[in-house]
Amino acid sequence: MKKIISTLAIFAIALPSIAAIATRADAQMRPMMIPLTTTMVITKPAPGEIFGNKQVVTMGVGGKTYKFVLNDAYVDDPRGVIHWPDIWQLVRQYTPNFNVTGIGEDTFAKMQPGETLTVRGMFSGNNQTYEVMGTEPGGGPFAPAQHY
């Protein structure tokens, strides 16, 4: 009889603990299964440049990793649930931050120091894949106007 009571007591203690763990996991960020259109405005730094407080992203193309200063980034999420800080939290721990594929993957290798490029692509949170859909020289439509 004592064995049954002690087993029930252990079960009564363990059940709320399991329930608490399950509810804590639900509060975490939802997995991003559907690729999202993500735009980044990046600048290739000069060799030996000190970044200071600038945000730096790394792009993995093939077996090489390229480092860029991130000037701006935004996500086109039609639901308005996922924003750039959510994606950055997901990829910042990895080296490289993004695994680049697509038609414009060679663009990163061709960039010259000091050059700014707006890159549009699809980001998949499952494996940090960034598929390049298109590039545009400069800061894109949000860049300040140039004066001649």
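Rules used in this analysis
Along every chain, residues carry numbers that run from 1 in the direction the sequence is written. Residue-level local features of this predicted model are given only where pLDDT is at least 70; pairs of side-chain atoms are given and counted only at 80 or more, and the full residue set underlies all totals for whole chains, interfaces and linings. Values reported for side chains reflect all heavy atoms of the structure, with hydrogen atoms and water molecules removed beforehand. Helix and strand definitions follow DSSP, with helices as H or I runs of at least four residues and strands as E runs of at least two, each counted in order from the N terminus. Shrake-Rupley sampling with a 1.4 Å probe provides the accessible areas, and residues are treated as covered by the protein chains on show and by no other component. In short, DSSP must find at least two bridges between two strands for them to pair. All axes here are fitted lines through C-alpha atoms, helices being fitted over the stretch that makes contact, and every angle between N-to-C directions spans 0 to 180 degrees. When checking whether two residues touch, look at their non-hydrogen atoms; a contact exists if any pair is within 4.5 Å. Here the nonpolar core consists of buried residues drawn from Ala, Val, Leu, Ile, Met, Phe, Trp, Tyr and Cys, with membership extended through side-chain atoms lying within 4.5 Å. Note on exposure labels: buried denotes an accessible area under 20% of the residue type's maximum, exposed denotes more than 50%, and partly exposed covers the range between, all computed with a 1.4 Å probe on protein chains only. As a per-residue quantity, pLDDT reports the predictor's confidence and falls between 0 and 100. Taken from the helix axis, the directions to the C-beta atoms give the arc we talk about.

Moving on to the overall build of the chain. In terms of regular secondary structure, the chain is built from three helices and six strands. Sequence-ordered secondary structure for the chain, helices as α and strands as β, is α-β-β-β-α-β-α-β-β. Accessible area of the chain: about 9,900 Å², with a carbon and sulfur share of 60%.

Pairing is mixed in the closed barrel, where six strands are placed in the order β1-β3-β2-β4-β6-β5. Direction aside, neighbouring strands of the sheet carry axes that sit 50° apart on average. Note that strand β1 (residues 36-43) and strand β5 (residues 116-124) share eight bridges and pair antiparallel. Each bridged residue has a counterpart across the sheet, and for Val41 the counterpart in β5 is Thr118. Relative to the sheet, helix α2 (residues 84-91) contacts β1, β2 (56-61), β3 (64-76), β4 (98-102) and β5, its axis offset from that of β3 by approximately 150°.

Attention shifts here to the nonpolar core. One finds Met40, Ile42, Phe68, Trp84, Phe98 and Phe108 to be the most contacted residues of the largest nonpolar core, which totals 25 residues. Within the residue set of this core, elements represented by two or more residues are β1, β2, β3, α2, β4, β5 and β6 (129-137). Among residues more than four places away in sequence, those in contact with Ile42 are Val57, Phe68, Val69, Leu70, Asn71, Phe108, Met111, Glu115, Thr116, Leu117 and Val119.

A word on the confidence of the model for the chain. Of the residues in the chain, 74% have a pLDDT of 70 or more, and the chain-wide mean is 82. Per-element averaging of pLDDT across the chain places helix α1 (residues 2-26) at the bottom with 62 and β2 at the top with 94.

Three or more residues of α2 are buried, namely Trp84, Ile87, Trp88 and Val91. In an axial view of α2, the angular spread of the buried residues amounts to 100°, which keeps them on one side of the axis. Those residues of α2 hidden inside the fold are in contact with β1, β2, β3, β4 and β5.

A word on the environment of Gly102. Within the fold, Gly102 resides in strand β4. Taking relative accessible area as the criterion, Gly102 reaches 31% and is therefore assigned partly exposed. Considered as a pair, Gly102 and Gly121 are 19 residues apart in the sequence and their alpha carbons are 8.7 Å apart. Not counting chain neighbours up to four residues away, the residues in contact with Gly102 comprise Glu131 and Val132.

With that settled, the discussion passes to the side chain of Thr38. Tracing the chain through its elements places Thr38 in strand β1. With residues up to four places along the chain from it excluded, the contact list for Thr38 reads Tyr74, Val75, Trp84, Ile87, Val119, Arg120, Gly121, Phe123 and Tyr130.

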